[in-house]
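Spelled out, the chains give:
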Amino acid sequence: MFARHLLAFVALLQAGTTLAHLAAWHDGMYCRNGTSGADEANEYTTVKPLYQLPKKDWWLHGLDGCTRFPPAPGKFLELPAGKEFTVEIASNRGKTSLSFNGRFASNWPDGNNYPEDYNVPSCITSPNLHAQNYSQAAGTAFAISYQSDIERVTPENLVVFSVKYHTPWKRITTYSVPAALPACPEGGCHCAWAWIPNGCGQPNMYQQAFRCRVTGATSTAPVAPGKPPVWCEDNPSACTKGAKQMMYWNQQEGNNIWVQGLDKSGSPKSPAYNSKCGFSEGAQNDIFATGSGKERRCAAKTKRGSAGRRT
Ligand SMILES: *[C@@H]1O[C@H](CO)[C@@H](O)[C@H](O)[C@H]1NC(C)=O
Ligand SMILES: *[C@@H]1O[C@H](CO)[C@@H](O)[C@H](O)[C@H]1NC(C)=O
């Protein structure tokens, strides 16, 4: 029995070397246990990259039915306002602390060890970081939607609130939360993690869903609807300002960013969660609706009041 399990594990490790893409792991994620109904310790459904798919398949990793496998009741990715939260970026749940008590986890996303200045001019493929070295790692992001029902999450209400430049890189990855992020509704919010690698393979994207909630919130101004980011490496004044959507690229439908030609370094342009598309590093503090809902309601009332006086 033990030997059979070990063989299955070794087979998965081998499969892992060819399929070793990356996802962010946390008990608040969708598809944590896979889609078989059993708890799959070596689960890796969510690491699958998304490329040239219809929207129902790429949106929140719908292709494997992940949106129908929410986290266990009470499990949320907790976002402490003004502080940081941590996820594990890995190629397989087996390489994280979520499986085997973390026995197969290392500092890196694939459970192995590498030099601190890991650099492969022809692209690092183990782990599949889609980069030559740390400085080339494209950046990843978390977005939040104030909808408790995943069916009501849309590209417009799913707004990027945190960006980490030079990721994915190591397994343990922390993201900063805007201090002004308001509390979620009773049933919680939904969050998503995303990555668009910069070259080193198929020009695809990654997106996956979490249940999340904000802790220690003190502000009530809502997050504004997100606008699509644009490529603005050569002209920072052209960047989309304020609340931004996640980037949807190279799909059959639903794309919200298009690029052509070469970037400043001479490589084909690849949208990324970094300054090239107008994302600052860390907490995105400019995503809130200016003028709270309350102020807007007061303004509307005043207007009606004065109109009333005129008649
Ligand atoms: C995943 O498996 C674990 C361990 O068996 C269980 O506690 C948890 O409830 C499962 N999660 C879901 C979403 O089914
Ligand atoms: C990282 O990779 C890029 C692209 O190959 C290269 O130009 C750069 O010199 C490398 N940086 C380091 C620190 O090795």
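Residues numbered from 1 in each chain as written. Chains lettered and ligands numbered in written order. Predicted model: local features only at pLDDT ≥ 70, side-chain atom pairs only at ≥ 80, totals over all residues. Heavy atoms only, no water.

> Give me the site of ligand 2: which residues, what numbers.
Around ligand 2, the structure places Asn119, Gln132, Asn133, Ser135 and Gln136. The separation between an oxygen atom of ligand 2 and a polar side-chain atom of Asn119 is 3.1 Å. Asn133 places a side-chain nitrogen or oxygen 2.3 Å from an oxygen atom of ligand 2. In the complex, the protein chains occlude 42% of the 360 Å² of accessible area that ligand 2 would expose alone. (Near = heavy atom within 4 Å. Polar contact = N/O pair within 3.5 Å; in protein donor to acceptor, adjacent residues only side chain to side chain. Areas by Shrake-Rupley, 256 points an atom, 1.4 Å probe, with all protein chains shown as cover.)

> Residue-level account of the sheet that holds strand β3 (residues 84-90), with values.
Ordered by their spatial adjacency, three strands build an open sheet running β1-β3-β8, and the pairing between neighbours is antiparallel. If you trace the sheet from one side to the other, it starts and ends with β1 (23-25) and β8 (172-176), each paired once. In this sheet, neighbouring strand axes are inclined to one another by 45 degrees on average, regardless of whether the strands run parallel or antiparallel. Two strands pair when backbone bridges link them, and β3 and β8 are joined in this way by five bridges, in the antiparallel orientation. Residue pairing across strands places Val87 opposite Thr173, the latter belonging to β8. (Pairing = 2+ DSSP bridges. Helix = DSSP H or I, 4+ residues; strand = E, 2+ residues; numbered from the N terminus. Axes fitted to C-alpha atoms, helices over the stretch in contact; angles between N-to-C directions.)

> Go over the packing of aromatic side chains, please, and point to the residues and values.
For the coordinates displayed, the defined rule picks out 17 aromatic pairs. Arranged with centres 6.1 Å apart and planes meeting at 35 degrees, the rings of Phe85 and Phe161 form a pair that is tilted. Placement of the pair is Phe85 in strand β3 and Phe161 in strand β7 (residues 159-164), with a sequence separation of 76 residues. In terms of burial, Phe85 and Phe161 fall into one category: buried. Taken together, Phe85, Phe142, Phe161, Tyr175 and Phe210 form an aromatic cluster joined through their ring pairs. Across from the ring centre of Trp59, 5.0 Å away, lies the NZ or CZ of Lys55, which sits over that ring. When the ring centre of Phe279 is taken as origin, the NZ or CZ atom of Lys244, which lies over that ring, is 5.4 Å away. (Phe/Tyr/Trp six-rings, centres within 6.5 Å; stacked < 30°, edge-to-face > 60°. Buried < 20%, exposed > 50% of the residue type's maximum accessible area, 1.4 Å probe, protein only. Lys NZ or Arg CZ within 6 Å of the ring centre and 35° of its normal.)

> Please set out the state of the cysteines residue by residue, giving values where relevant.
Structurally, a disulfide amounts to a covalent bond that connects the sulfur atoms of two cysteines. All told, the structure shown has five disulfides when counted by the stated rule. Sulfur-sulfur distance for the disulfide between Cys31 and Cys66 comes to 2.1 Å. Here the disulfide of Cys31 and Cys66 is left-handed, its torsion about the S-S bond being about -80 degrees. Taken as a pair, Cys31 in the loop between β1 and α2 (55-58) and Cys66 in the loop between α2 and β2 (77-80) lie far apart in primary sequence, 35 residues in all. Comparing Cys31 with Cys66, the two get one shared label, buried. Shown here is the disulfide that connects Cys123 with Cys200, its sulfur atoms set 2.0 Å apart. Between Cys123 and Cys200, the S-S torsion sits near -80 degrees, and that sign places the bridge as left-handed. (Disulfide = S-S within 2.5 Å.)

> Can you tell me about the pattern of salt bridges, naming the residues and giving the values?
Pairs can form between side chains of opposite charge once their charged atoms are near each other. This model, assessed by the stated rule, comprises eight salt bridges. One salt bridge connects Arg213 with Glu78, and the closest N-O pair in it is separated by 2.8 Å. Taken together, the positions of Arg213 in strand β10 (residues 206-215) and Glu78 in strand β2 put the pair 135 residues apart, joining distant regions of the chain. Counted as one network, the salt bridges with shared partners bring together Asp27, Arg32, Asp39 and Arg93. (Salt bridge = Lys/Arg side-chain N within 4 Å of Asp/Glu carboxyl O.)

> Give me the sheet that holds β7: which residues, what numbers.
Pairing is mixed across the open sheet formed by six strands, whose spatial order is β2-β10-β9-β6-β7-β11. The open sheet is flanked by β2 and β11 (282-283), the only strands paired with a single partner. The pairing of strand β6 (residues 140-145) with strand β9 (residues 189-195) spans six bridges and is antiparallel. Within the sheet, the bridge partner assigned to Ile144 lies in β9 and is Cys191.

> Which residues make up the site of ligand 1, and what are the values?
Around ligand 1, the surrounding shell consists of Arg32, Asn33, Asp39, Pro70, Pro71 and Ala72. In the environment of ligand 1, an oxygen atom lies 2.3 Å from a nitrogen or oxygen atom belonging to the side chain of Asn33. Here Asp39 contributes a side-chain N or O atom positioned 3.2 Å from an oxygen atom of ligand 1. Alone, ligand 1 offers 360 Å² of accessible surface; in the complex the protein occludes 46% of this.

> I'd like a description of the nonpolar core, backed by residues and values.
Of all hydrophobic cores here, the largest spans 44 residues; its most connected members are Leu79, Phe85, Phe142, Ile144, Phe161, Leu181 and Trp193. Listing elements by their share of this core, those giving two or more residues are β1, β2, β3, β6, β7, β9 and β10. Trp58, Ala143, Met205 and Trp249 belong to the second largest nonpolar core, which has 27 residues in total. (Core = buried A, V, L, I, M, F, W, Y, C linked by side-chain atoms within 4.5 Å.)

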